[in-house]
Amino acid sequence: WELGMKILEEIKDFKIKNNVPVIAGGVFPTFAPEICVKYDLVDIVCVGEGENAMLDLCKKISTKEEYSNLTNCWVKQKGKIIKNSITKPVDINKNPIIDISQFEENRLYRPMSGKVYKMVPIETIRGCPYTCRFCNSPDQMKLYKGLGHSFFRKKKMDLVHKELKYFKDVHKVEYNYFWADTFLAMNKSEFDQFCEMYSGIKLPFWIQTRPETVTDYNMKKLSEVGLHRISFGIEHGNEEFRKKILDRRWKNKDIIEATSIPKKLGIQFSVNNITGFPNETRELAFDTI
C-alpha cells in the first residue's frame, strides 16, 4: 500500500490534469477501506473481489456515465463517500482465459530452482478452507459468509485443462505455477481428475500446500505427471506458539514425516516461515530457525 501511494504521488500531476480516476483494490483495501479512502489521490476503494467492479467501472467510463453506484466499491463524490454493497462472488467457471498478450513477453519469465522459465499463474481454487490467523483467506471467507455466500470455489477441471492447453500451444509456456492457497484442498476424485488431465500437458509445475495434505499416494501421482517443486506453509517452529497464535495445530514430528515423502521421491521443496510476530521472542524465532 505504501509503495502504491508513492507511485501515485509520482503521477499526481498527470492524474489531476487528465482527471483519471484511481481505484484501489486487494487485501488491504478490502479490510481497511476506511484508511484507504482517506488518501486524496484515491477516488474509489474496492472491497472484496474486483472483476465485476472493474467491468462495471470500465462500462460506465466508456459510456460517460457517473459511477457512484459501483458494485463492491466505496466511491468519493462531491465530498461524500458512497458505500455500495458487495455482490456475490465471481463465478470462476465463467471467467475468460486471461489475455496475457496485453503484457510484454518478458513479464512471463520467472526464476524457479536456479533456472528461468516462461511461466503463467493458473487458478484451480479460490479461497482456502483453513483458518490460519496470519492469512487474509479466512477473513475473505467470513466476509462473504456474512453476506450469504461462499468465497471458497473450485474451477472445473475441463476448464483448467482448456486454459493449460491454450497457454502451452499459443504462448509456448514452459512451466505452470498453480497459485491456489492450498493446492491439495481437494477430494480424491478431484485429485485423480487433475492427474489424469495434467498427464497430457507434459510440463513441470509448482504448487503450494500444507504438510498435512501430503500422502505417499498424492505425491507419487503428482511426481508422475510433472510436479517439480512445492512450497510448504509451516510458518513457525514452536508447536505451542504455532497452535495458539497461528491456529496451525500440527506437530513438528508429523511435519517432518510428511515432508520426507517428497524428499524420497526427489521432489524439490521449500518451506514458508514468518518471523517478527507480535510477542515473539528471540528464543521463539530460533525455534523456527
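Scroll up a little and you will see the structure.
Conventions used here
Residues numbered from 1 in each chain as written. Predicted model: local features only at pLDDT ≥ 70, side-chain atom pairs only at ≥ 80, totals over all residues. Heavy atoms only, no water. Helix = DSSP H or I, 4+ residues; strand = E, 2+ residues; numbered from the N terminus. Buried < 20%, exposed > 50% of the residue type's maximum accessible area, 1.4 Å probe, protein only. Contact = heavy atoms within 4.5 Å. Patch = residues over 30% accessible without salt bridge, like charges linked within 9 Å, V, L, I, M, F, W, Y side chains within 5 Å. Areas by Shrake-Rupley, 256 points an atom, 1.4 Å probe, with all protein chains shown as cover. Salt bridge = Lys/Arg side-chain N within 4 Å of Asp/Glu carboxyl O. Phe/Tyr/Trp six-rings, centres within 6.5 Å; stacked < 30°, edge-to-face > 60°.

**Q** Whenever I open this one, the environment of Y67 confuses me. Can you help?
**A** Along the chain, the position of Y67 falls in the loop between helix 5 (51-62) and strand 3 (73-77). A relative accessible area of 23% places Y67 in the partly exposed class. In sequence terms Y67 and D56 are 11 residues apart; their C-alpha atoms lie 8.4 Å from each other. The contact partners of Y67, leaving out residues within four places of it in the chain, are P21, I44, L57, K60, I61 and V75.

**Q** Just to check I follow, could you spell out a nonpolar patch on the surface for this structure?
**A** Together, I11, F14 and V20 make up a nonpolar patch on the protein surface, roughly 260 Å² of accessible area in all. For V20, the position within the fold is in the loop between helix 2 (12-18) and strand 1 (23-24). Accessibility expressed as a relative area gives 31% for V20, which makes it partly exposed.

**Q** In this structure, what is going on with the packing of aromatic side chains? I would like to understand it.
**A** How two aromatic rings sit relative to each other is given by the distance of their centres and the angle of their planes. In the structure shown here, the tally under the stated rule is 17 aromatic pairs. Geometrically, the ring pair formed by Y177 and W206 is stacked, given 4.3 Å between the ring centres and 15° between the ring planes. Within this pair, whereas Y177 is found in strand 9 (residues 175-178), its partner W206 is found in strand 10 (residues 205-209), the two being separated by 29 residues in sequence. Accessibility assignment for this pair places Y177 and W206 in one class, buried. A centroid spacing of 6.0 Å and a plane angle of 65° characterise the contact between F178 and Y198, whose relative ring orientation is edge-to-face. You can see F178 sitting in strand 9 and its partner Y198 sitting in helix 8 (residues 188-198), a full 20 residues away along the chain. The two residues F178 and Y198 agree in class, both being buried. A network of ring pairs unites the aromatic residues F178, F183, F194, Y198 and F205 as a single cluster.

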